[in-house]
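As a plain string of letters, each chain reads:
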Amino acid sequence: MFSPVIIIGAGAAGLMCAISAAEQGKQVLVLDHANKAGKKILISGGGRCNFTNLYTEPANYLSTNPHFCKSALKRYTQWDFIAEVDNAGLPWTEKKLGQLFSDNKSEAILNMLLDRCTKLGVTIQLNCSIQSVEKSGDTFSINSTLENYQSSALVIATGAMSFPTMGASDFGLRIAQQFGLKITATRPGLVPFTFDGPDKQRFEGLAGVSIDAGIECNGQRFLENILFTHKGLSGPAVLQISSYWQPGDKVDVCCLPEIDLFTALKTHQQSSPNKQLQTILQQYFPQQVVNCFCHEIDTQRPLQTYKHSELEQVANQFQHWQFIPSGTEGYKKAEVTLGGVDTDDISSKTFEAKNVKGLYFIGEVLDVTGQLGGFNFQWAWASGWCCGRALSIA
Ligand SMILES: Cc1cc2nc3c(=O)[nH]c(=O)nc-3n(C[C@H](O)[C@H](O)[C@H](O)COP(=O)(O)OP(=O)(O)OC[C@H]3O[C@@H](n4cnc5c(N)ncnc54)[C@H](O)[C@@H]3O)c2cc1C
């Protein structure tokens, strides 16, 4: 079967690309090996799809070439996707930090995209496993378990390795390599940290506890919650910093960054000299956190018996806490894959491979990764839309 445009991957980027190309009159076929389109959209944002971010900027993306994402983000902005959502009559809410969530389930966003595909005559073929892709002259042959397809343009929108239970695979990277494109090193991003040895023993009793924190690594800093887990640390601040972390790097945490704990303890010492240190600390942190962070310090004496240097040491336990994660929970729990198809080999305007006419890469398979907060979907929409427009004039 021949279709002028074939898109492999019916996720966020692939569906948006199909809509954009079909709007310009292109006949589009989308192939996906999963039994349902857009599975990651369905599970995203805790089931409410954080579909974009009001403050999307190129600075919210990690890439070997930080300039690559600029053109697409400028041509298809957060406001364009918000207009799509508004036109579909779907209500949304800004939760925090510009993060826009669907008021209805994530399915509403997916259905909006699928409805547009249906109205524009896009064909979506699910349960289609691709066995090989070849190019002969100007034609791509896609051999699948269902049938052999041919196209003059082939778009790879298969995402990457994060969350394999949702259909993620390294297929796109393998196709890139097959056609001679470079791959930048890949690793899990937006992923919880793990502890082992004494750290694991020390912190596992805190599983389920979350604290406001400032977290820093390699010159990046995020202010949000951290969440202790049975395996280590998670929560938005940890997911954010994990994308900037490399094995062996130290992470700095300041619990309750909005207060200066040392100054606060000195003030309490003046006003309540007979109160036990632990009673005061429990005004700021749950008791099990106090016990864990001060495990080598006697916190049961009256405040007046502590020297300032001792109070400073106590404050530092919470506000200058440093640890080296033993690792991360890996692709199984990572929201994204860092690295991917090297953007040097791709046009930032059309998303076509510079040396392979008719072959395009969009979305997460590329070496462009957003921070937490709706930036990854915005990249999928923007790269998908721009590629779709380019296909219509190719
Ligand atoms: C738990 C979780 C929550 C998330 N929440 C958010 C959020 O709220 N906001 C946000 O911005 N980002 C979020 N993300 C990230 C976001 O989902 C991805 O960045 C985005 O889906 C990438 O879009 P994509 O189209 O490039 O890839 P995907 O959405 O992964 O789509 C790829 C498609 O290709 C198909 N495919 C893969 N391999 C093959 C193959 N070999 N043959 C055929 N088909 C194949 C897959 O089945 C899939 O349908 C979340 C991710 C996870 C895992």
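Residues numbered from 1 in each chain as written. Predicted model: local features only at pLDDT ≥ 70, side-chain atom pairs only at ≥ 80, totals over all residues. Heavy atoms only, no water.

Asks: What exactly am I supposed to notice about the side chain of serine 20 here?
Replies: Among the structural elements, serine 20 can be located in helix 1 (residues 12–23). For serine 20, the contacting residues outside a window of four places in its chain are Gly384, Trp385, Gly388 and Arg389. (Helix = DSSP H or I, 4+ residues; strand = E, 2+ residues; numbered from the N terminus. Contact = heavy atoms within 4.5 Å.)

Asks: Help me out: how do you make sense of the site of the ligand in this one?
Replies: Every one of the 31 residues lining the ligand counts as a neighbour, but Ala13, Asp32, Ser169, Glu364 and Phe377 are closest to it. At a separation of 2.9 Å, an oxygen atom of the ligand approaches a polar backbone atom of alanine 13. Separating an oxygen atom of the ligand from a side-chain N or O atom of aspartate 32 is a distance of 2.5 Å. Bound to the protein, the ligand loses 94% of the 1,000 Å² it would expose on its own. Tallying contributions element by element places helix 13 (residues 375–393) first for the shell around the ligand, with four residues. Along the lines of polarity and charge, the residues of the shell around the ligand split into 14 nonpolar, 13 polar and four charged. (Near = heavy atom within 4 Å. Polar contact = N/O pair within 3.5 Å; in protein donor to acceptor, adjacent residues only side chain to side chain. Areas by Shrake-Rupley, 256 points an atom, 1.4 Å probe, with all protein chains shown as cover. Nonpolar A, V, L, I, M, F, W, Y, C, P; charged D, E, K, R; others polar.)

Asks: For this particular structure, what's the right way to read the sheet that holds strand 8 (residues 130–136)?
Replies: The strands making up a sheet associate through backbone hydrogen bonding, with each pair oriented either parallel or antiparallel. Strand order in the open sheet formed by three strands is 8-9-10, with antiparallel pairing between adjacent strands. Looking at the sheet topology across the chains shown, the edges are occupied by strand 8 and strand 10 (148–151). Going from strand to strand, the sheet's axes swing by 20° on average, the running direction of each strand aside. As paired elements, strand 8 and strand 9 (residues 139–144) share six bridges and run antiparallel to each other. Residue lysine 135 lies in a different strand from strand 9, and its bridge partner there is phenylalanine 140. (Pairing = 2+ DSSP bridges. Axes fitted to C-alpha atoms, helices over the stretch in contact; angles between N-to-C directions.)

Asks: Help me out: how do you make sense of helix 6 (residues 171–178) in this one?
Replies: Since the α-helix turns once every 3.6 residues, residues separated by three or four places project in the same direction. The set of residues buried in helix 6 consists of Phe171, Gly172, Leu173, Ile175 and Ala176. If you follow the buried residues of helix 6, they end up packed against strand 1 (5–8), strand 8, strand 11 (153–156), strand 12 (183–189), strand 20 (336–341) and strand 21 (359–361). Of the residues one or two after helix 6, glycine 180 is the one with positive phi, at around 85°. (Buried < 20%, exposed > 50% of the residue type's maximum accessible area, 1.4 Å probe, protein only.)

Asks: Teacher, can you tell me more about the nonpolar core here?
Replies: The nonpolar side chains of soluble globular proteins are, as a tendency, buried together. Within the largest apolar cluster, 82 residues are counted, with the highest numbers of intra-cluster contacts made by Phe81, Val133, Ile142, Phe351, Phe361 and Trp379. Sort the elements by how many residues they give to this core and helix 13 lands first, with 10 residues. The residues touching phenylalanine 81, leaving out its near neighbours within four places in the chain, are Met16, Phe51, Tyr76, Ile109, Met112, Leu113, Gln378 and Trp381. Of all hydrophobic cores here, the second largest spans 45 residues; its members include Ala213, Ile226, Val253 and Phe323. (Core = buried A, V, L, I, M, F, W, Y, C linked by side-chain atoms within 4.5 Å.)

Asks: Help me out: how do you make sense of unusual backbone geometry in this one?
Replies: Negative phi values dominate among residues other than glycine, just as trans dominates among peptide bonds. A positive phi angle is found at leucine 97, which is not glycine, with a value near 50°. With respect to the element layout, leucine 97 can be found in the loop between strand 5 (92–94) and strand 6 (99–102). For leucine 97, a relative accessible area of 51% gives the class exposed.

Asks: Is there a simple way to explain the pattern of salt bridges in this structure?
Replies: Two side chains of opposite charge can pair, provided their charged atoms sit close to one another. Taken as a whole and assessed by the stated rule, the structure comprises 10 salt bridges. Where lysine 200 meets glutamate 204, a salt bridge forms, and the shortest distance between an N and an O atom there is 3.1 Å. With a shortest N-O distance of 3.7 Å, glutamate 329 and lysine 333 are connected by a salt bridge. Relative accessible area serves as the criterion here: at 42%, lysine 333 is assigned to the partly exposed category. Residues joined by salt bridges that share partners form a network here, namely Glu23, Glu84, Arg116 and Arg389. (Salt bridge = Lys/Arg side-chain N within 4 Å of Asp/Glu carboxyl O.)

By themselves, these observations are geometric and do not establish any function.
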